[in-house]
Amino acid sequence: MITVSAIVYMERTAVSVTAPDLIRDLRISETQMGSIFSAFYLAYAAFMTPGGALLDRYGARRVLGASGLAAALFTALTAICGLKVFVT
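What counts and how
- Residues numbered from 1 in each chain as written.
- Predicted model: local features only at pLDDT ≥ 70, side-chain atom pairs only at ≥ 80, totals over all residues.
- Heavy atoms only, no water.
- Patch = residues over 30% accessible without salt bridge, like charges linked within 9 Å, V, L, I, M, F, W, Y side chains within 5 Å.
- Areas by Shrake-Rupley, 256 points an atom, 1.4 Å probe, with all protein chains shown as cover.
- Salt bridge = Lys/Arg side-chain N within 4 Å of Asp/Glu carboxyl O.
- Helix = DSSP H or I, 4+ residues; strand = E, 2+ residues; numbered from the N terminus.
- Buried < 20%, exposed > 50% of the residue type's maximum accessible area, 1.4 Å probe, protein only.

### A short note on a nonpolar patch on the surface
Taken together, Leu-73, Phe-74, Leu-77 and Ile-80 make up a surface patch of nonpolar side chains, about 400 Å² in accessible area. When you line up the elements, Leu-73 lands in helix H5 (residues 60–87).

See below:
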């Protein structure tokens, strides 16, 4: 559980750390970046309640394991999407 907490903390922090690069590379305004932050944190907060309910029902080991695998999958898909942008 500590490992998952550390990973989630790094993911939340990564959005803030990469903001200047995202603004420059994607040519978006600071207002648009604020919308990205809001969407990220709103989705993060929205999934806390269902996540807690799943933990209560199925147990921490199963839910955290499935969450970790899903996060790895979506991270890999993000990298694949980035490759397609640079190829075309």
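### Quick notes on the environment of Arg-27
By the element assignment, Arg-27 lies in the loop between helix H2 (19–26) and helix H3 (30–46). The class for Arg-27 is exposed, based on a relative accessible area of 75%. Sequence-wise, Arg-27 and Thr-49 are 22 residues apart; in three dimensions their C-alpha atoms are separated by 35 Å.

### Things to note about the pattern of salt bridges
By the definition in use, this model includes two salt bridges. Here Arg-24 and Asp-21 are joined by a salt bridge, their closest N and O atoms 3.2 Å apart. Here Asp-21 and Arg-24 lie together in helix H2, a separation of three residues that amounts to about one turn. A relative accessible area of 36% means that Asp-21 is categorised as partly exposed.

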